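# A look at the structure
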Amino acid sequence: MNTKREKNNVLIADDSAVMRTLISHVITKLGYNALTANDGDACIHTLNSEKVDLLLLDLSMPGKNGMEVLSYLKANDMVLPVIMITADDDISQAVQCIKMGAYEYLTKPVKNDRLEITVSNALSESSLKKKVQLLEKELKQQNIFRRIYGESPALKRCIEQAMQVMETEVNVLVIGESGTGKELFAQAIHSGSKRKNGPFVTINCAAISNELADSLLFGHVKGSFTGANSDHTGFFEQADGGTILLDEIGDMSLDIQAKVLRVLQERKIRRVGEKKERSVDFRLISATHKDFSDAIKNKTFRADLYYRLEEYPLLIPPLRERREDIPLLANHFLDSFCTANNIDPISFSASVLENLSMYDWPGNIRELQNIVRRAAINRSGDEITSIPFLPQTHMQEAAALSPSDQSHIDKPAPPEPKEQKAPDIPPAETTAPEQGKALLLKNAELQTILKAYELAGGNQTRTAEILGISRSSLYRKLKKFGIEKNLSLSVTKGL
Ligand SMILES: Nc1ncnc2c1ncn2[C@@H]1O[C@H](COP(=O)(O)OP(=O)(O)OP(=O)(O)O)[C@@H](O)[C@H]1O
């Protein structure tokens, strides 16, 4: 790359007007912009007000001398190549400047050819350094956010914000509907922070009762209450040196809010049954799907705690506000499912991807992930051509979408050819009465569970994993279908 063409700004700081004129002449002839300063203070002023790519700095100047300007640059993290200009008898100081980070020194009288070469080399090197730094930043971003898929401007904005805040110690409040990826973002912020080698501890605030709060949050010592058979380390202590995620923070009781506020203020905890206090060092991230304004008004959430939590709010938009991410996410979940289950690659037909893009996804990405898994289990070939169990209640008409939403669905989806539909599950478009529809959905759900069960080789934990639900949800669903325990019996009976 030819640095001359870039019109870099070169600042010449010298108290001699003759030197400034001579050097400016050479710099301009080389194709760079020459800026000048007649002393150290003027030099610092220009550095703060202009974009300066290279500094030619006289060592001996009235007011702040060259060495002091160099110290100022270091103290203020201002990174740019500096070439010292020095009289012969200042050489030892010039060497000292190199040790302080100056790129090179030139002795007076400055020879034009030496000046030209040194300036060109310094600018090329600095531009190369900037490129490497940019690449490093991109690589770091790709690595930290590798599990977060999406290309929409809305998602990219979230990533950019997370990048900005992750290296600080600021408390982050991640706000978004259920299933939008709040926990994923919290994990990414932790892995991009200085605490990345420390623990990442998640507390589900909705699951902590007032009775158990002290023991769970702060720990207990053996014998401190009935059933305390051994010492226990609480969540805050477990997170020492790392990050703690307070998930579903809006569901925390007022009692527990007071306890958490105290830890945030004092950074100390006391285990139940123990007198001594222990210091804890953690970074706090909280997540919520709730709007706090009403809770604060109704005094069910402490305003003083809220303002501590939301030092930096990070808003994750729902999937329906970034529809362009849907096909990408759907394909990603399908590929992951096939890889995890040793299935030959399958794909979605274009019309299915369009249908998925028109759905509102009230359960956001988690719901999309589950629907993709079900579709993969129910497939009848290597292409998925219909999603019969996609509820119509949240389906947008293409015409109802905003123009930006429609960029990917400009043509209406062609009707599915009859022979491609799943044989035993009628398509969702069927104009059946409501009861009939409910029955069809129930049937589709059961078929999905049975196929997952087959795929899992009869293992119920694995079945639940494939379906993306917990084991207890699986049992609940089975119960709903009148199957209490023995799923294999139902499969063999064909239900
Ligand atoms: N952008 C994304 N790319 C890939 N997977 C994602 C993305 N966002 C979320 N997911 C996946 O969706 C699921 C839900 O994400 P996550 O648990 O982070 O959401 P959440 O907002 O914390 O949900 P909840 O409020 O219900 O706890 C997870 O399996 C997660 O891996």
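Keep in mind the model is a prediction, meaning the values are calculated, not measured.

Of the regular secondary structure elements, the protein chain holds 19 helices and 16 strands. Within the span of the protein chain, comprising 495 residues, buried residues form 32% of the whole. For the protein chain, the share of sequence-separated contacts (at least 6 apart) that also reach a separation of at least 24 residues comes to 72%.

A few words now on the site of the ligand. Inspection of the region around the ligand gives 18 residues, with Tyr 149, Ser 178, Gly 181, Lys 182 and Glu 183 positioned closest. Elements with a contribution of two residues or more to the shell around the ligand: α7 (182–191) and α15 (364–377). Tallied by class, residues from the shell around the ligand come to six nonpolar, eight polar and four charged. Residue assignment places the shell around the ligand across two domains, with domain 2 (153–317) and domain 3 (320–493) each supplying three or more.

With 84% of its residues at a pLDDT of 70 or more, the protein chain has an overall mean of 84. Under a pLDDT of 50 for its full length, residues 488–495 has, in the predicted model, seven contacts with residues more than four places off or in other chains. This complex was scored by the predictor with a pTM of 0.67 and an ipTM of 0.98.

For the rest of this paragraph, the subject is the pairing of strand β4 (residues 82–86). Buried residues dominate β4, accounting for five of its five residues. Side chains Val 82, Met 84 and Thr 86 project from β4 onto one buried face, and the interleaved Ile 83 and Ile 85 project onto a second face that is buried too. The pairing of strand β3 (residues 54–58) with β4 spans four bridges and is parallel. Each residue of the ladder has a partner; that of Leu 57, found in β4, is Met 84. Between the parallel elements β3 and β4, the chain passes through helix α3 (residues 66–75) in a crossover that is right-handed. Where β4 lies against strand β5 (residues 104–107), four bridges are found, and the strand directions are parallel.

With that out of the way, let us pick up helix α1 (residues 17–29). Helix length check: α1, at 13 residues, gives a terminal C-alpha distance of 18 Å against a target of 18 Å (1.5 Å per residue), a fit within 8%. Gly 31 sits one or two positions beyond α1 and adopts a positive phi of about 100°.

This part takes up the sheet that holds strand β14 (residues 312–315). In space, the five strands of this open sheet follow the order β7-β10-β13-β6-β14, with parallel pairing throughout. Both edges of this open sheet fall to β7 (200–204) and β14, since each of them pairs with a single strand only. The sheet shows a mean angle of 20° between the axes of neighbouring strands, direction not considered. The pairing of strand β10 (residues 243–247) with strand β13 (residues 283–288) spans four bridges and is classified as parallel. Among the inter-strand pairings, Thr 243 is bridged to a residue of β13, identified as Arg 283. In the packing of α7 onto the sheet, the strands contacted are β6 (172–175), β7, β10, β13 and β14, and the crossing angle to β13 comes to about 165°.

By size, the foremost hydrophobic cluster in this structure holds 41 residues, and its most contacted members are Val 174, Phe 185, Ile 189, Phe 236, Ile 244 and Leu 314. Dropping the residues within four chain positions of it, Phe 185 is found in contact with Cys 158, Ala 162, Val 174, Leu 314 and Ile 316. Listed in part, the 34 residues of the second largest apolar core include Val 52, Leu 57, Leu 73 and Ala 94.

Turning next to the environment of Ala 162. Note that Ala 162 resides in helix α6 (residues 153–166). For the pair Ala 162 and Gln 141, spaced 21 residues apart in sequence, the C-alpha to C-alpha distance is 10.0 Å.

Residues Asp 214, Leu 217 and Phe 218 constitute the buried set of helix α8 (residues 210–218). What you see down the axis of α8 is that its buried residues fit within an arc of 90°, all on one side. Across from the buried face of α8, at angles greater than 90 degrees, the exposed residues are Glu 211 and Leu 212.

Turning to unusual backbone geometry, a few remarks are in order. Each neighbour pair has its own omega, and for Lys 108 with Pro 109 the value is -5°, a cis peptide bond. Positive phi is not limited to glycine here, since Arg 267 has a value of about 55°. A positive phi is found at Asn 364, a non-glycine position, where the angle reads about 55°. In this fold, Asn 364 is placed in helix α15. Residue classification places Asn 364 among the buried positions, given that 22 C-beta atoms sit within 10 Å.

Attention shifts here to the pairing of β13. Burial runs high along β13: six of the six residues are buried. Of the two faces of β13, the one carrying Arg 283, Ile 285 and Ala 287 and the one carrying Leu 284, Ser 286 and Thr 288 are both buried. Sheet analysis places β6 next to β13, joined by four bridges and oriented parallel. Bridge pairing in β13 links Val 174 to Ala 287.

Before going further, it helps to examine the sheet that holds strand β2 (residues 33–37). The pairing of strands in a sheet happens through backbone hydrogen bonds and is either parallel or antiparallel. With respect to topology, five strands assemble into an open sheet ordered β2-β1-β3-β4-β5, the strand pairing being parallel. In this open sheet, the two edge strands, each paired with only one partner strand, are β2 and β5. Shown here is a sheet whose adjacent strand axes are inclined to one another by a mean of 20°, direction ignored. The sheet contacts of α3 involve β1 (9–13), β3 and β4, and relative to β3 the element is tilted by about 145°. Where helix α4 (residues 91–99) meets the sheet, its contacts fall on β4 and β5, and the angle it forms with β4 comes to roughly 175°.

For the pair helix α2 (residues 40–49) and α3, interaxial distance at closest approach is 9 Å and the crossing angle is 25°. Taken together, the axes of α2 and α3 are roughly parallel relative to one another. Considering the relative orientation of α2 and α3, their crossing is right-handed. Seen from α2, the contacting residues are Gly 40, Cys 43 and Ile 44; seen from α3, they are Glu 68, Val 69 and Tyr 72. For the contact of α2 with α3, a count of residues per class yields four nonpolar, one polar and one charged.

What follows concerns the packing of α8 against helix α10 (residues 254–266). The contact between α8 and α10 brings their axes to 9 Å, and the two run at 20°. One element, α8, and the other, α10, form an angle in the roughly parallel class. The two elements α8 and α10 cross, and the hand of that crossing is right-handed. Contacts from Asn 210, Ala 213 and Leu 217 of α8 reach α10 at Asp 255, Ile 256 and Lys 259. Considered class by class, the residues forming the contact of α8 with α10 number three nonpolar, one polar and two charged.

Thresholds applied
- Residues numbered from 1 in each chain as written.
- Predicted model: local features only at pLDDT ≥ 70, side-chain atom pairs only at ≥ 80, totals over all residues.
- Helix = DSSP H or I, 4+ residues; strand = E, 2+ residues; numbered from the N terminus.
- Buried ≥ 20, exposed ≤ 12 C-beta atoms within 10 Å, placed from the backbone.
- Contact = placed C-beta atoms within 7 Å.
- Near = placed C-beta within 6 Å.
- Nonpolar A, V, L, I, M, F, W, Y, C, P; charged D, E, K, R; others polar.
- Domains from an automatic or database assignment.
- pLDDT = per-residue confidence, 0-100.
- Pairing = 2+ DSSP bridges.
- Right-handed = clockwise from strand over helix to strand, strands pointing away.
- Expected span 1.5 Å × (residues − 1).
- Axes fitted to C-alpha atoms, helices over the stretch in contact; angles between N-to-C directions.
- Core = buried A, V, L, I, M, F, W, Y, C linked by C-beta atoms within 7 Å.
- Arc of directions from axis to C-beta.
- Parallel < 35°, antiparallel > 145°, perpendicular 65-115°, else oblique.
- Left-handed = near helix turned anticlockwise from the far one by under 90°.

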